[in-house]
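# Examining the three-dimensional arrangement
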Amino acid sequence: MREAVQAVKQELEKTGYSALELQFDAYPLNHKIMEKMEEQSLKEGLIQEDKRKDAWTKKDDAYLVYAYQADRSLPVLHLSL
């Protein structure tokens with residue numbers, strides 16, 4: 001999981017964002033669960049059959065990395081009016 005967060009931090013640094021100003025959380029995405037989610041999305045009409053992945057394998061395992069600004073460990077929420 002640390003490798004995934006580090007990769008995101010490096011990409012942010014390349015774009016000029018300071019990763020030091022952000023807090024990070026990472027969540028594992030297992031290919032078996034993503035396959036079930038894809039099936040549910042198909043049933044609900046959220047995606048079309050032609051967008052279905054041919055096969056899900058362990059190579060599809062990934063992490064969802066979420067970054068947010070924080071001030072003294074409290075999330076900073078940005079609202080647009």
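Residues numbered from 1 in each chain as written. Predicted model: local features only at pLDDT ≥ 70, side-chain atom pairs only at ≥ 80, totals over all residues. Heavy atoms only, no water.

## Remarks on the overall build of the protein
Regarding its fold elements, the protein presents two helices and three strands. Going residue by residue from the N terminus, the α and β elements of the protein occur as α-β-α-β-β. Relative to a compact globule of 81 residues, whose C-alpha radius of gyration would be 12 Å, the protein shows 17 Å and is clearly more extended. Along the first, second and third principal axes, the C-alpha atoms of the protein reach 45 × 35 × 20 Å. (Helix = DSSP H or I, 4+ residues; strand = E, 2+ residues; numbered from the N terminus. Rg over C-alpha atoms; globule rule 2.2 N^0.38 Å.)

## Remarks on helix H1 (residues 2–14)
The end-to-end C-alpha distance of H1, which contains 13 residues, comes to 18 Å, matching closely the 18 Å that a straight helix rising 1.5 Å per residue would cover. In this fold, the buried residues of H1 make contact with strand S1 (22–29) and strand S2 (62–71). In the stretch just after H1, Gly 16 is the one whose phi turns positive, near 100°. (Expected span 1.5 Å × (residues − 1). Contact = heavy atoms within 4.5 Å.)

On their own, these measurements won't tell you what the molecule is for.
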